[in-house]
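Architecture and fold: a report
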Amino acid sequence: MPLLHRIAVTAALTTAAGAAALAPAGATPLPLPLPFDGESSDRLVITVSETGEPDDAATYVLACHPTGGTHPRARAACAQLDSETEWGRDPFAPVPPGAMCTGQYGGSATARVTGHWAGRHVNAWFNRTNGCEIARWNRFSIVLRTPGS
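An account of the accompanying structure is given in this report. (Residues numbered from 1 in each chain as written. Predicted model: local features only at pLDDT ≥ 70, side-chain atom pairs only at ≥ 80, totals over all residues. Heavy atoms only, no water.)

This paragraph deals with the side chain of Glu-133. If you trace the backbone, Glu-133 turns up in helix H3 (residues 131-139). For Glu-133, the contacting residues outside a window of four places in its chain are Val-95, Asn-127 and Arg-128. (Helix = DSSP H or I, 4+ residues; strand = E, 2+ residues; numbered from the N terminus. Contact = heavy atoms within 4.5 Å.)

Here is the structure:
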């Protein structure tokens, strides 16, 4: 186990033990950190098609924390994902049903994102069929780069 990882685990366990000792009886204990397996837990597979057809789709692997994978702009994509991530909110959540969206059409591009991000399973679909979907796509413009861009 790398030294830095051992230090981080020790610090987390010490903090958790101290908080548990100060917590009133019956309080919910803090969860322990997940084991480190040498790979990033923030790993996504991104499949993007300019035409919406599977035959022209490009697939990228994006790993963050540490940055890696086959995404051509991995560092910028990870930074964009980090900026969209807030505690308690799913950054990949679909447009809510019944949302008032403009009737514009942004093209036939589609994307699918699967994997894990911020401790959560991800299985998200993206398109550009109305103003809400275009805005959602644009929040992930670097992550969802089309094959020709």
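Within the secondary structure, Asp-42 sits in strand E1 (residues 42-49). Buried charge without a partner: Asp-42 forms no salt bridge, and the closest opposite charge is Arg-120, 10 Å away. Here Ala-118 takes part through its backbone nitrogen, which lies 2.8 Å from a polar atom of the side chain of Asp-42. Non-local contacts of Asp-42, meaning those with residues more than four positions away in its chain, are made with Leu-62, Ala-63, Cys-64, His-65, His-116, Trp-117, Ala-118 and Gly-119. (Buried < 20%, exposed > 50% of the residue type's maximum accessible area, 1.4 Å probe, protein only. Lys, Arg positive; Asp, Glu negative; His and termini not counted. Salt bridge = Lys/Arg side-chain N within 4 Å of Asp/Glu carboxyl O. Polar contact = N/O pair within 3.5 Å; in protein donor to acceptor, adjacent residues only side chain to side chain.)

A few words now on helix H2 (residues 74-84). The periodicity of an α-helix, 3.6 residues per turn, causes residues three or four positions apart to be oriented the same way. Within the span of H2, buried status applies to Ala-74, Ala-77, Cys-78, Gln-80, Leu-81 and Glu-84. Down the axis, H2 shows its buried residues gathered within 160 degrees of arc, on one side only. Looking at H2, the residues exposed on the side facing more than 90 degrees away from the buried face are Arg-75 and Ser-83. Considering only its buried residues, H2 is in contact with E1, strand E2 (58-64), strand E3 (68-69), strand E4 (110-117) and H3. (Arc of directions from axis to C-beta.)

This part covers the state of the cysteines. By the definition in use, this model includes two disulfides. Two residues share a disulfide in this structure: Cys-64 and Cys-78, whose sulfurs sit 1.9 Å from each other. Between Cys-64 and Cys-78, the disulfide has an S-S torsion of -90 degrees and is therefore left-handed. Placement of Cys-64 in strand E2 and of Cys-78 in helix H2 is noted, with a sequence separation of 14 residues between them. Paired through a disulfide, Cys-101 and Cys-132 show a sulfur-sulfur distance of 2.0 Å. Across the S-S bond linking Cys-101 and Cys-132, the dihedral sits near -105 degrees, which makes this disulfide left-handed. Remark: Cys-132 occurs in helix H3 and Cys-101 occurs in the loop between H2 and E4; sequence separation between them is 31 residues. Since its relative accessible area comes to 19%, Cys-132 is described here as buried. (Disulfide = S-S within 2.5 Å.)

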